[in-house]
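# Structural characterization, general
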Amino acid sequence: MPPAAFIAVTAGVQAIDRVAFTTPSAVKTRDTLLAIIASIDPDEAQVVDMPEGWEQLAEFPLLNGIITILRREVVDEEPPTHEVALVADPFVVAALIAYRGLDANSPMLEATATAINASTNFVCPSRTLTTYSELYLGLVFVSASVAITHPAGTTERYDANGAGPSRLQIFELLPELVGATGTKTSTVAAPQSGVAASALFKVQATPLVQSLVPDVPGAIGFVEVGV
Amino acid sequence: MAARKTLVHLRFDEPHTDVPPSDAAGSLVDLTDGTGALPPVVEAFTGFGRDFLGEEYSLEAKDAVAGSSLTTRDCTIDVLLAWDMAAQLDFAATGTIVTRGIDGSAAEYSAYALELRVVDLAQRIAELRFAWQTTAGVDKVQAGGHFIVPADGFLMLTATRRWISSTEVELQYYVGDRLIGDVLSSDGDIGGGTTGTLRVGHGSPGGTYLLAVIDELRVRNYHVTQEEVEATWKRLSKFQPRGYKAVRDLFQPDAPISNDPASRFQKLLRIAGHAVGYTAAQAENVKLNLLPDRAYGPSLEQWESILGEAPRDLDGTARRRRRCVAHFSQREGVSPPGVRSTVHELLALAKTQIQLLAFDNTVREDFSQGLRGERWRATPAAQWTINAGALRVQNAADIPLTSAKADWYTALTAADCDGRASQMIAKLVPTTLAAGAEVGVVFFDWAQWSVLLFGLKNDAGTYKLVTEAFVAHASQGVTVRHTFVGLPAAVWLHLRQIDPGGGGGGFKTSATDANYTAAWSTTSQTTGYTTSAPFSHRARFQWAGMYARTTAGAANIDVAIDDIVLRTPFAGRTSHWYAYRDPALPGSPDLVAAWGAIQRLKHAFTRASAITTKSFLAGVSLVGRTPHGALT
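Note that the structure is predicted; figures quoted are calculated from it, not measured.

The rules we used
Residues numbered from 1 in each chain as written. Chains lettered and ligands numbered in written order. Predicted model: local features only at pLDDT ≥ 70, side-chain atom pairs only at ≥ 80, totals over all residues. Heavy atoms only, no water. Helix = DSSP H or I, 4+ residues; strand = E, 2+ residues; numbered from the N terminus. Rg over C-alpha atoms; globule rule 2.2 N^0.38 Å. Buried < 20%, exposed > 50% of the residue type's maximum accessible area, 1.4 Å probe, protein only. Areas by Shrake-Rupley, 256 points an atom, 1.4 Å probe, with all protein chains shown as cover. Lys, Arg positive; Asp, Glu negative; His and termini not counted. Charge placed at Lys NZ, Arg CZ, Asp CG, Glu CD. Arc of directions from axis to C-beta. Phe/Tyr/Trp six-rings, centres within 6.5 Å; stacked < 30°, edge-to-face > 60°. Lys NZ or Arg CZ within 6 Å of the ring centre and 35° of its normal. Core = buried A, V, L, I, M, F, W, Y, C linked by side-chain atoms within 4.5 Å. Salt bridge = Lys/Arg side-chain N within 4 Å of Asp/Glu carboxyl O. Contact = heavy atoms within 4.5 Å. Buried area = accessible area lost by both parts, 1.4 Å probe. Polar contact = N/O pair within 3.5 Å; in protein donor to acceptor, adjacent residues only side chain to side chain. Nonpolar A, V, L, I, M, F, W, Y, C, P; charged D, E, K, R; others polar. Pairing = 2+ DSSP bridges. Axes fitted to C-alpha atoms, helices over the stretch in contact; angles between N-to-C directions. 1 Å grid on protein atoms, 1.4 Å probe; cavity = no way out; pocket = protein on both sides within 12 Å on 5 of 7 lines; lining within 4 Å. Points joined across faces, edges and corners; volume = space filled by probe spheres on them. Expected span 1.5 Å × (residues − 1). Bend = angle between axes of the 7 residues up to and from the residue.

## Re the overall build of chain B
Along its length, chain B carries seven helices and 35 strands. In terms of overall dimensions, chain B is more spread out than a globule: its C-alpha atoms have a radius of gyration of 38 Å, far above the 26 Å expected for 632 residues. For chain B, the spread of C-alpha atoms along the three principal axes comes to 120 × 55 × 45 Å. Evaluated residue by residue, chain B yields a buried proportion of 54% over its 632 residues. For chain B, the accessible area works out to roughly 25000 Å², and carbon and sulfur atoms hold 53% of it. Each charge class in chain B can be summarised by its mean position, and for the 61 positive and 65 negative side chains these summaries are 10 Å apart.

## Quick word on helix 4 (residues 297-307) of chain B
All names here are of chain B. Looking at helix 4, one finds that the buried residues are Gly297, Leu300, Trp303 and Glu304. End-on view of helix 4: buried residues confined to an arc of 125°, all on one side of the axis. Residues of helix 4 that are exposed and point over 90 degrees away from its buried face: Pro298, Gln302, Ser305 and Ile306. A positive phi of about 75° marks Gly308, the residue just after helix 4.

## Observations concerning the packing of aromatic side chains
All names here are of chain B. Using the criterion set out here, one finds 17 aromatic pairs over all chains in the structure. Note on Phe91 and Tyr209: the rings are 5.8 Å apart at their centroids and 80° apart in plane angle, and the pair reads as edge-to-face. Remark: Tyr209 occurs in the loop between strand 15 (197-200) and strand 16 (212-220) and Phe91 occurs in helix 1 (residues 85-91); sequence separation between them is 118 residues. Assessed through its relative accessible area of 12%, Tyr209 is described here as buried. In this structure an aromatic cluster arises from ring pairing among Trp408, Phe444, Trp446, Trp449 and Phe470. Above the plane of the ring of Tyr222 lies Arg4, whose end atom (NZ or CZ) is 3.7 Å from the centre. Directly above the aromatic system of Trp163 lies the positively charged group of Arg73, at a separation of 3.8 Å from the ring centroid.

## Some details on the nonpolar core
Within soluble globular proteins, side chains that are nonpolar tend to cluster in buried spots. Core analysis: the biggest nonpolar cluster contains 55 residues, and Trp384, Val393, Leu428, Val439, Met546 and Ile561 of chain B have the highest contact counts within it. Membership of the second largest hydrophobic core comes to 50 residues, among which are Leu38, Leu59, Phe130 and Ile190 of chain B.

## Re the pattern of salt bridges
A side chain with one charge can pair with a side chain of the opposite charge if their charged atoms come near. Residues and elements named next belong to chain B. Applying the stated criterion across every chain, the model contains 40 salt bridges over all chains. Glu108 is the partner of Lys62 in a salt bridge, and the nearest nitrogen-oxygen pair spans 3.1 Å. Of the two residues, Lys62 sits in strand 5 (residues 59-62) while Glu108 sits in the loop between strand 7 (94-100) and strand 8 (112-120), which places them 46 residues apart along the sequence. Here Arg372 makes a salt bridge to Glu365, at a shortest N to O gap of 3.4 Å.

## Focus on the side chain of Ser27 of chain B
All names here are of chain B. Considering the arrangement of structural elements, one finds Ser27 in the loop between strand 1 (6-10) and strand 2 (32-33). According to the relative accessible area criterion, Ser27 is buried, its value standing at 6%. Ignoring sequence-local partners within four residues, the contact set of Ser27 consists of Leu7, Lys62, Asp63, Ala64, Val65, Ser68 and Ser69.

## As for the interface of chain A and chain B
Contacts between the two partners involve 40 residues from chain A, matched on the other side by 66 residues from chain B. Three residues, Leu212, Phe222 and Val227 of chain A, lead the burial of chain A against chain B; their summed loss comes to 22% of the area buried on that side. Counting across the chain A and chain B interface gives four salt bridges. The salt bridge partner of Glu170 of chain B is Lys28 of chain A, with a shortest N-O separation of 4.0 Å. Remark: the boundary between chain A and chain B carries 14 residue pairs in polar contact (both at pLDDT 80 or more). A total of three residues in the side of chain A that touches chain B trace back to one element, the largest contributor, which is strand 1 (residues 5-11) of chain A. When grouped by side-chain class, the residues that make up the side of chain A that touches chain B number 25 nonpolar, eight polar and seven charged.

## Let's talk about the pairing of strand 8 (residues 81-86) of chain A
Here five bridges tie strand 3 (residues 18-22) of chain A to strand 8 of chain A, and the two strands are oriented antiparallel to one another. Bridge pairing in strand 8 of chain A places Thr22 of chain A opposite Thr81 of chain A.

## Thoughts on the sheet that holds strand 22 (residues 409-414) of chain B
Residues and elements named next belong to chain B. With respect to topology, seven strands assemble into an open sheet ordered 19-22-32-24-25-26-27, the strand pairing being antiparallel. Both outer strands of the open sheet, strand 19 (377-379) and strand 27 (474-483), are each paired with one neighbouring strand and no more. Averaged over all pairs of adjacent strands, the angle between their axes in this sheet comes to 15°, without regard to strand direction. Sheet topology note: the strand 24 (residues 437-445)/strand 25 (residues 450-459) ladder contains eight bridges and is antiparallel. Paired with Asp445 across the bridge in strand 25 is Ser450.

## Quick notes on the environment of Thr530 of chain B
Residue and element names in this part refer to chain B. Turning to its location among the elements, Thr530 is positioned in strand 30 (residues 530-531). Relative accessible area serves as the criterion here: at 40%, Thr530 is assigned to the partly exposed category. When neighbours within four sequence positions are excluded, Thr530 is seen to be in contact with Ala518, Ala519 and Trp520.

## Structural notes on empty space enclosed by the protein
Residue and element names in this part refer to chain B. Enumeration over the complete set of coordinates arrives at five cavities of 30 Å³ or more. Counted as a void, the largest cavity has a volume near 60 Å³. Forming the walls of the largest cavity are Glu227, Glu230, Ala231, Lys234, Ala281, Glu284, Asn285, Leu288, Asn289 and Arg294. The set of elements that each furnish at least two residues to the lining of the largest cavity consists of helix 2 (226-248) and helix 3 (264-289). Among the elements that make up the lining of the largest cavity, the one with the highest residue count is helix 3 (five residues). Split by residue class, the lining of the largest cavity holds three nonpolar, two polar and five charged.

## Concerning the side chain of Arg220 of chain B
Residue and element names in this part refer to chain B. Looking at the element boundaries, Arg220 is found in strand 16. What makes Arg220 buried here is its relative accessible area of 4%. In terms of polar contacts, Arg220 uses its side chain to reach the side chain of Glu228, at 3.3 Å. Discounting chain neighbours no more than four positions away, the residues touching Arg220 are Lys5, Thr6, Leu7, Asp74, Cys75, Thr76, Asp78 and Glu228.

## Here we look at helix 2 of chain B
The first and last C-alpha atoms of helix 2 of chain B sit 32 Å apart over 23 residues, in line with the 33 Å expected at 1.5 Å per residue. At Arg235 of chain B, helix 2 of chain B shows its largest bend, some 45°.

## Some words on the pairing of strand 26 (residues 462-471) of chain B
Residue and element names in this part refer to chain B. Counting buried positions over the 10 residues of strand 26 gives eight, a clear majority of the element. By the bridge criterion, nine bridges tie strand 25 to strand 26 in an arrangement that is antiparallel. The partner of Leu452 across the bridge, within strand 26, is Ala469. Alignment of strand 26 against strand 27, held across seven bridges, turns out to be antiparallel. The partner of Val471 across the bridge, within strand 27, is Ala474. Linking strand 26 to strand 27, which pair antiparallel, is a turn of two residues; within it Ala472 sits at a positive phi near 50°.

Listed below in structure tokens is the structure:
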């Protein structure tokens, strides 16, 4: 049910060649968990194994880094943690973000990424919405532990350093408009390198509801006794 | 818990426009116009309503008693209205249904507001959303729920707010009985004052004039459940119309009665028919929602009263229901599957995620988890350390051999019984044991100061195994059990009460003697023992452990102690069990209810609890029960 509702975000914790995520306590069954893993090393930070129930939606190994997007639907007996295995043990920054209302049958519509070379502008690609309620996520990886300013008109959901010189920012946009969102640019104070990505997620259909059409005027309305 | 009540109920059933609307709940004085004219009275779903279309209408009123319409925590707002989306968008996208607090001062900060927003007119998509202001007057417009608005008719809109903490607020939105939004907000700082104004149709933090016909508006100070919303919707949409039809169908099709809805006869049929429908709806509600898994409101409170469950202010309905249901989920009793079935929902776990911990009467200690304070009472603490995975005792000064000053070094654990038939094994690895120094195992009756020592002693250069007993501080003499040739690399000491004395069981007093043996091995923990002849000493003791003492100076004791086994057959450990919930697991457990359910399940004269740690201090209440030492 739109709009997509942000529930919680937790930081991923790296241990050598594994990244562990803690399931937020506020999630409910059928919520969507998105794991975002980013690193400066596009070879060693690729995901080689993930627990049952997870799927890889996108992986962008580029010159200046890599961003990987994994997805899972929360189940009744949701594990408390999830551990993802990488090729090796590069410095990684990662986060687990939970949303409610995403379409489970069509997890991600599209995603692309751009390598950023020594720039203060991290330009996340434009996405084209075909349904007004789709969720735009901007993902920014900077290979330095510096603050990132999210684009105006967006809502920042995560912005933190990882192990080693690295930082990950996640921001969301609910445009409520069909068509292109335009690029969304995060900025840093001094030129840095990294990766800027964006992904578009489908949201559950807007429900058609029923109304009350009076057959004769004068129904009993809200009452104080009973329902 | 705060009493559930309706704060505001505007029926808008005035027969004439100029009659000021009144609040059926009595919280407000009569409403007045905010813009110079009262919204016109028009026919609506429940009879009459107020038409906010056409001009910038609003209604407002102060509390009849200051604060009577105020809630800064839980609330539910329901409204029946017919909305003109096109007119709304033409004026402004977002209309205010109601707001309590119209901004401008702390007293007028909005404590709750409900807004309708046009998202996409062509697709007839709208958003229903909460809004409020913080205690500093900052607008907090909340995420809402989207829905497609039907072409005509009245909408039943319900918005519930459940305040959990200053950073967690749960919001749910319904249209009819359809849940359209389930949102978690971090805006738990909610303002508003007792002298604030309630306004209908205009003035919320994110909205302006509402273009709609409002039939009824109600504000309650609690959050309603989905069952209650569904029941109300069914009454309005199904049962009342069916009741009217049922009464009408009593007449023959060609009966000479007016079919004009405005006729008196039809109105009489409506009264009777809707009364029938209302009754049927209440019966249906009872049928569906009487049992505690779906009960709400007074029904749930009755269940809690019957079952002895007292809800706390912040308990949500789901948690209260689970507590009640747990009283019935005891089909398999205190078996492991039965315990899991009863408490798993209360602990917010799958059955397989619950660890059931139970114990025999043997305590094993390898010090791999350090010297845990909840198990060992080590004094002086600085002299007992962990080194290379074992306990290490070193002396800092003389520790007189006599008991007069009672300042031996000791590391003791509770035997959890009176000591009958108990036995203890410990491994000693001496590094330094200078002349006059002694280290070993001890059984200690602290109340009577009756002590049995069994240790390795350096007696003027000769290493001996000795026992010494004290009764009421008075030594009963030292007995040499064995003499070593040189300092042994390691020795296992085994002190054991072989029989309680006096021919068997029964309560042993401090003056009752029992028979003991002292055994030792330099081979291993399980083989190569040599056992002394039985000797007598007081039967009762409550503490067991290790000791160190010396007649000589400092730095003449350095002994490692490891692989402790203490068996106390008459201890209460086997009567303890615990349902352990790993705190790392997600979810919001109800430990209070889980503990209560376990108390109902467990056998008499046993101890059990729901826990989230496997290590706790003796004397610390586990939701009302006291544990005995570490569980591993």
